[in-house]
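The residues making up each chain are set out below.
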Amino acid sequence: MAAASGPVELGAPRGPARPEPPPTRFHRVHGANIRVDPTGTRATRVESFAHGLCFSSEPLAPGQLFLVEIEEKELGWCGHLRLGLTALDPASLAAVPEFSLPDLVSLGHTWVFAITRHHNRVPQEGHPETEAVAPSRPPTLLVEPYLCIEQFRIPRDRLVGRSRPGLYSHLLDQLYELNVLPPTARRSRLGVLFCPLPDGTADMHIVINGEDMGPSAKGLPAAQPLYAVVDVFASTKSVRLVQLEYGLPSLQTLCRLVIQRSVVHRLAIDGLHLPKGLKDFCKYE
């Protein structure tokens, strides 16, 4: 797909050739120590620190973000989540490798990075790597509801991690929004997508708590099916998939945004005269 002249929404009306992407799920093929829940949206490493590879159940569409939230951590291990893309069909693997780095990458056609704040960016042409600057913090959701990455617009609503409701959740939520917590902190949200270019290649982007970290890899084969890779490695024990709305936000989402904007603290939602289901949706999502 050639790059559009301006940002476009994934799933925007473009006829039958551009359908809304289906909900993301984990592939039935995964590492030996991974257990995927019946919904296919939560992956947990049940023992050791390795054999935690997971894949998307289907190839990603251009501009489709495969977004996970870190649900559980496990002390005592050194290392964190790895994230990327592969042109290898998981179903074709004779055996799922023990590690994404270097095992899966060594099979070829795979681009995986250990998640860090600044070390997954590709310097701009003509600029030494030492001069590469980390991206500035994008505007907040209420100022700019979309994260723009090359020719795509991604709804910002669910990109940022949120703490569990509690006495200090309003302070912790600000740390997620400012992206000052470690990227692999519990409840951080991390995603990967690819953006096709006119020359037939694609850039891979990693998103950390609503911030585009830039093209982590270039020259990916845009014409080949590309699956997301999530390595639930070492101190990362469990992740869950976060679903996005690529078209117009739903009425439920709009109501939640208005309610959240109207209260100082998420615990104050309990005092509103609203159905319990809506209160829970506003507090936890």
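Everything numeric in this text was worked out from a predicted model, so none of it was measured.

## As for the overall build of the protein chain
(1) Moving on: Across its full length, the protein chain holds 4 helices and 14 strands.
(2) Moving on: Each of the 285 residues in the protein chain was classed as buried or not, and the buried ones make up 49%.
(3) Moving on: Taking all contacts inside the protein chain whose residues are at least 6 apart in sequence as the whole, residues at least 24 apart take part in 70%.
(4) Moving on: Carbon and sulfur atoms form 60% of the exposed surface of the protein chain, whose accessible area is close to 13,500 Å².

## As for the pairing of strand β8 (residues 146–149)
(1) Moving on: Inspection of the sheet shows β8 paired to strand β9 (residues 152–155) by 4 bridges, in the antiparallel sense. By the bridge assignment, C148 is partnered in β9 with R153.

## Brief notes about the packing of aromatic side chains
(1) Moving on: One pass over the structure, following the stated rule, counts 5 aromatic pairs.
(2) Moving on: Ring geometry for F49 versus F233: centroids 6.2 Å apart, planes at 70°, classification edge-to-face. Of this pair, F49 sits in the loop between β3 (42–45) and β4 (53–55) while F233 sits in the loop between β13 (227–231) and β14 (236–241), and the two are 184 residues apart along the sequence.
(3) Moving on: Considering the side-chain rings of F99 and F233, the 6.0 Å spacing of their centres and the 75° angle between planes classify their relative orientation as edge-to-face. Note that F99 is positioned in the loop between β6 (82–86) and α1 (100–106) and F233 in the loop between β13 and β14, a separation of 134 residues in sequence. Grouping residues by exposure puts F99 and F233 together as buried.

## What to know about the pattern of salt bridges
(1) Moving on: Per the counting criterion, the structure on display carries 7 salt bridges.
(2) Moving on: Taken together, the shared-partner salt bridges connect R42, E69, E71, E72, R189 and R240 into one network.

## Overview of the sheet that holds strand β12 (residues 211–221)
(1) Moving on: Spatial ordering of the open sheet is given by β2-β3-β14-β5-β10-β11-β12, a layout of 7 strands whose pairing is antiparallel. With one partner strand each, in any of the chains shown, β2 (34–36) and β12 form the two edges of the open sheet. Put simply, the sheet's adjacent strands are angled 25° from each other on average, direction ignored.
(2) Moving on: In this sheet, β14 lies alongside β3 in antiparallel orientation, the contact comprising 3 bridges. Opposite R42, over in β14, you have R240 as the bridge partner.

## What to know about the side chain of S100
(1) Moving on: Relative to the helices and strands, S100 is located in helix α1.
(2) Moving on: Judged by its relative accessible area of 0%, S100 is buried.
(3) Moving on: Residues contacting S100, with those up to four places away along its chain left out, are L53, R82, V105, V112 and D231.

## With respect to the nonpolar core
(1) Moving on: One finds F66, V230 and V239 to be the most contacted residues of the largest nonpolar core, which totals 30 residues.
(2) Moving on: Of all the elements in the fold, those that place two or more residues in this core are β5 (66–73), β6, β10 (189–196), β11 (201–208), β12, β13 and β14.
(3) Moving on: Setting aside anything within four residues of it in sequence, one finds V230 in contact with G52, L53, C54, F66, V68, L81, R82, L83 and V239.
(4) Moving on: Core analysis: the next-biggest nonpolar cluster, separate from the first, contains 13 residues, L67, F152, C195 and Y246 among them.

## Regarding the sheet that holds β4
Within a sheet, neighbouring strands are paired by backbone hydrogen bonds and run either parallel or antiparallel to one another.
(1) Moving on: The strand order across the open sheet built from 4 strands is β4-β13-β6-β7, with neighbouring strands paired in antiparallel fashion. Looking at strand neighbours, the two that pair on one side only are β4 and β7 (110–114), the edges of this open sheet. Direction aside, neighbouring strands of the sheet carry axes that sit 20° apart on average.
(2) Moving on: Direction of pairing for β4 relative to β13: antiparallel, over a ladder of 3 bridges. Paired with F55 across the strands is V229, a residue of β13.

Reading the values: rules and limits
Residues numbered from 1 in each chain as written. Predicted model: local features only at pLDDT ≥ 70, side-chain atom pairs only at ≥ 80, totals over all residues. Heavy atoms only, no water. Helix = DSSP H or I, 4+ residues; strand = E, 2+ residues; numbered from the N terminus. Buried < 20%, exposed > 50% of the residue type's maximum accessible area, 1.4 Å probe, protein only. Contact = heavy atoms within 4.5 Å. Areas by Shrake-Rupley, 256 points an atom, 1.4 Å probe, with all protein chains shown as cover. Pairing = 2+ DSSP bridges. Phe/Tyr/Trp six-rings, centres within 6.5 Å; stacked < 30°, edge-to-face > 60°. Salt bridge = Lys/Arg side-chain N within 4 Å of Asp/Glu carboxyl O. Axes fitted to C-alpha atoms, helices over the stretch in contact; angles between N-to-C directions. Core = buried A, V, L, I, M, F, W, Y, C linked by side-chain atoms within 4.5 Å.

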